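# Analysis of the macromolecular model
Next come the chains, spelled out residue by residue.
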Amino acid sequence: MKTVPDIFSYRKYWARRFGTAPVLPMSREEMGALGWDSCDVIIVTGDAYVDHPSFGMALIGRLLEAQGFRVGIIAQPDWRSTEDFLKLGPPNLFFGITAGNMDSMVNRYTSDRRIRSDDAYTPGGEAGRRPDRAVIVYAQRVREACGDKPIIIGGIESSLRRIAHYDYWSDKVRRSILPDAKADLLVYGNAERALVEIAHRLARGTPVGEIRDVRGTAYMTSCIPDGWMVMDASTVDRPVRVETCTNPYHAAGVCDKTVSEKEGEAVAIHFSGLKKHVNRDRTVIRLPSYNQVARDKVRYAHASRIFHLETNPGNARALIQQHGRRFVWLNPPPVPLTTSELDRLHELPYTRRPHPAYGGARIPAWEMIRFSVNITRGCFGGCTFCSITEHEGRIIQSRSEDSIIREIEAIRDQVPGFTGHISDLGGPTANMYRLKCRSEAIESACRRLSCVFPDICGNLKTDHGPLISLYRRARRVRGVKKVLIASGVRYDLAIRSPEYVRELVTH
Ligand code: SF4
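Residues numbered from 1 in each chain as written. Predicted model: local features only at pLDDT ≥ 70, side-chain atom pairs only at ≥ 80, totals over all residues. Heavy atoms only, no water.

Let's shift gears to the overall build of the chain. Helices and strands together make up the secondary structure of the chain, namely 17 helices and 22 strands. Within the chain, counting contacts between residues at least 6 apart in sequence, those at least 24 apart form 77% of the total. As presented, the chain carries roughly 22,300 Å² of accessible surface, and 50% of it is formed by carbon and sulfur atoms. Placing the 73 positive and 58 negative side-chain charges of the chain at their respective mean positions leaves the two points 2 Å apart. (Helix = DSSP H or I, 4+ residues; strand = E, 2+ residues; numbered from the N terminus. Contact = heavy atoms within 4.5 Å. Areas by Shrake-Rupley, 256 points an atom, 1.4 Å probe, with all protein chains shown as cover. Lys, Arg positive; Asp, Glu negative; His and termini not counted. Charge placed at Lys NZ, Arg CZ, Asp CG, Glu CD.)

Let's shift gears to the pattern of salt bridges. Counted according to the given criterion, the structure contains 35 salt bridges. Across the pair R473 and D402 runs a salt bridge, and its minimum N-O distance is 2.8 Å. Pair noted here: R473 is in helix α15 (residues 465-476) and D402 is in helix α13 (residues 401-414), with a separation of 71 residues, a long-range link. Residue R473 is classed as partly exposed on the basis of its relative accessible area of 26%. In this structure, E499 and R472 form a salt bridge, with 3.3 Å as the shortest nitrogen-oxygen distance. Of this pair, E499 sits in helix α17 (residues 498-506) while R472 sits in helix α15, and the two are 27 residues apart along the sequence. Owing to a relative accessible area of 40%, E499 belongs among the partly exposed residues under this scheme. For R472, a relative accessible area of 33% gives the class partly exposed. (Salt bridge = Lys/Arg side-chain N within 4 Å of Asp/Glu carboxyl O. Buried < 20%, exposed > 50% of the residue type's maximum accessible area, 1.4 Å probe, protein only.)

This brings us to the confidence of the model for the chain. Summary statistics for the chain give a mean pLDDT of 93 and a share of 93% for residues scoring 70 or more. Counting contacts from residues 252-264, a segment whose pLDDT is below 50, to residues more than four positions away or on other chains yields 28 contacts. Segment residues 269-273 is flagged for pLDDT under 50; beyond a separation of four residues in sequence, or across chains, it makes 18 contacts in the model. (pLDDT = per-residue confidence, 0-100.)

Time to look at the packing of α15 against α17. At a minimum axis separation of 10 Å, α15 and α17 run at an interaxial angle of 25°. Comparing the axis directions of α15 and α17 gives the class roughly parallel. Where α15 crosses over α17, the two elements pack in a sense that is left-handed. Mapping the contact onto sequence places L467, I468, Y471, R472 and R475 in α15 and E499, Y500, E503 and L504 in α17. The residue makeup of the contact of α15 with α17, split by class, is 5 nonpolar, no polar and 4 charged. (Axes fitted to C-alpha atoms, helices over the stretch in contact; angles between N-to-C directions. Parallel < 35°, antiparallel > 145°, perpendicular 65-115°, else oblique. Left-handed = near helix turned anticlockwise from the far one by under 90°. Nonpolar A, V, L, I, M, F, W, Y, C, P; charged D, E, K, R; others polar.)

Turning our eyes to something else, we now look at the nonpolar core. Among the nonpolar cores identified, the biggest contains 80 residues, and Y49, F94, I408 and L425 are the most heavily contacted of them. Setting aside residues up to four positions removed in sequence, F94 forms contacts with D40, V41, I42, L64, P150, I152, L195, A199 and L202. (Core = buried A, V, L, I, M, F, W, Y, C linked by side-chain atoms within 4.5 Å.)

Moving on, we come to the pairing of strand β8 (residues 217-221). The buried count for β8 comes to 5 of 5 residues, which makes it a mostly enclosed element. With 2 bridges connecting them, strand β7 (residues 185-187) and β8 associate as antiparallel partners. Of the residues in β8, the one forming a bridge with L186 is A218. Relative to strand β14 (residues 326-330), β8 runs antiparallel, the two being bridged by 4 bridges. Bridged to T221 within β14 is F327. (Pairing = 2+ DSSP bridges.)

Let us look at the site of the ligand. Around the ligand there are 11 residues in total, and C437, C446, C451, C457 and N459 lie nearest to it. Taken together, the residues of the shell around the ligand sort by class into 7 nonpolar, 2 polar and 2 charged. (Near = heavy atom within 4 Å.)

Our focus in this paragraph is the pairing of β14. Sheet faces and side chains relate simply in a regular strand, where the side chains alternate between the two faces. Most of β14 sits out of view: 4 of its 5 residues are buried. With 5 bridges joining them, strand β13 (residues 318-323) and β14 adopt antiparallel strand pairing. The residue bridging Q322 from the neighbouring strand is F327, located in β14. Hairpin connection from β13 to β14: 2 residues lie between these consecutive antiparallel strands, with G324 at a positive phi of about 65°.

Moving on, we get to unusual backbone geometry. Omega for the peptide link from F453 to P454 comes to 5°, which places this bond in the cis form. Here the phi dihedral of D171 falls at roughly 55°; this positive angle occurs in a residue that is not glycine. Look at R352: it is not a glycine, yet its phi comes out positive at around 70°. As for its placement among the helices and strands, R352 is situated in the loop between α10 (339-346) and α11 (364-369). With a relative accessible area of 3%, R352 lands in the buried category.

Per the counting criterion, the structure on display carries 11 aromatic pairs. Linked through ring pairs, Y13, W14, F18 and F69 together constitute an aromatic cluster. Seen from the ring of F8, R344 lies directly overhead, with NZ or CZ sitting 4.2 Å from the centre. Over the ring of W366 we find R370; its NZ or CZ atom is 4.9 Å from the centre of that ring. (Phe/Tyr/Trp six-rings, centres within 6.5 Å; stacked < 30°, edge-to-face > 60°. Lys NZ or Arg CZ within 6 Å of the ring centre and 35° of its normal.)

As structure tokens, then:
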């Protein structure tokens with residue numbers, strides 16, 4: 001895997017002297033009470049601000065605060081005018097814009113395309129507090145309000161719409177969200193690494209238009225920079241019209257795998273489709289253009305397959321897709337966080353509850369997760385219907401057992417209404433904790449779309465021992481009566497460990 005700095009190793013910004021805010025400010029009055037004359041970063045979000053690590057604005061806000069920046073939150077602004085977007089004044093560095101934890105169209109409409117009568121991320125569950133396509137609308141209002149400030153869009157809505165994509169709501173292929181939002185940068189996937197790097201560069205005076213090499217970012221450009229080799233996507237995978245339903249995981253010529261019989265031994269994998277003597281770090285793959293994928297389903301499917309083949313941070317290349325006279329340029333995906341980075345991120349000083357401005361209003365999404373703990377990120381299932389790989393990648397990032405136990409104790413001690421029940425120890429999949437490839441070198445070179453389909457890969461370590469040990473230790477925490485598992489269990493993996501299944505059904 002590529003070597004990158006620890007996200008907590010950067011030199012702190014001078015504003016660290018203001019200390020840690022009890023809760024990130026949502027008004028000028030709160031800024032004044034903290035002694036701030038301005039914010040360095042303002043996060044605009046479509047969700048109510050809940051200071052909890054399951055909410056994106058809190059996770060990113062607290063992380064940037066830990067870097068020394070003063071971070072303000074504008075939650076669920078009225079998008080019909082610029083007034084709410086100016087309420088904290090202009091930020092010194094940038095506006096970060098997100099629709100919230102869900103795509104705004106999924107949040108606003110049912111799968112029958114009917115408008116929903118409620119919104120779990122709003123106080124009182126009230127509907128109608130965010131616009132359709134919130135990232136685009138918020139970015140336009142911010143541009144009107146503070147035209148010269150850099151705009152960085154992120155979160156699930158931007159991440160999954162970073163190239164031309166099928167939009168169920170309009171039943172059309174839409175172009176990338178970048179030109180519509182007119183953002184300076186888009187951060188995709190888990191964006192901690194990218195945002196920390198970008199914030200420090202902006203703080204050092206680098207113009208946002210010169211930040212072009214950060215992994216996990218995308219931007220619009222009119223030209224291919226010197227020194228880059230452009231490869232057509234058809235040289236990576238051949239687009240063909242298929243009349244019968246084929247196995248989308250088939251990767252002949254890319255990963256020629258020989259299954260080892262010996263347990264514990266790494267399996268040899270030959271990547272015959274990977275070209276040698278080509279500098280992958282200076283290679284960019286040209287996807288079919290927006291116009292081509294909008295007109296032709298085969299090219300759409302081809303672009304989508306290349307997009308998925310280039311998700312392993314160990315070997316993914318940059319991608320470009322033409323939109324009119326310009327290109328969307330996608331840098332390779334971010335390097336996953338280490339266990340110690342993930343631990344520190346989850347143990348920042350969250351209050352673990354909604355901002356006091358909401359009074360006692362119910363926020364259903366917070367009520368659902370307030371007694372649960374996120375233990376992993378990523379999923380190597382690669383299911384074709386799911387967007388996790390496109391967003392979080394397929395390398396599992398796991399927290400340490402000690403950190404998870406400390407979070408359970410924090411819930412017990414800080415969260416109102418705790419009665420001894422932990423409602424989930426989970427993540428995208430309940431039972432991928434600490435599961436990974438036998439060898440980092442093989443994992444870095446791997447081009448498979450799934451570690452478990454059509455068969456569980458011979459290189460995958462499926463030991464459920466650490467997860468069983470975590471469950472047992474969690475149940476022994478003082479004040480905990482029961483630990484539930486609400487995340488989805490992957491049965492094909494679970495049956496490899498009868499002890500794990502017994503543990504689940506017994507407790
Ligand atoms: S375990 Fe997963 S990453 Fe490792 S070789 Fe198999 S498919 Fe590739």
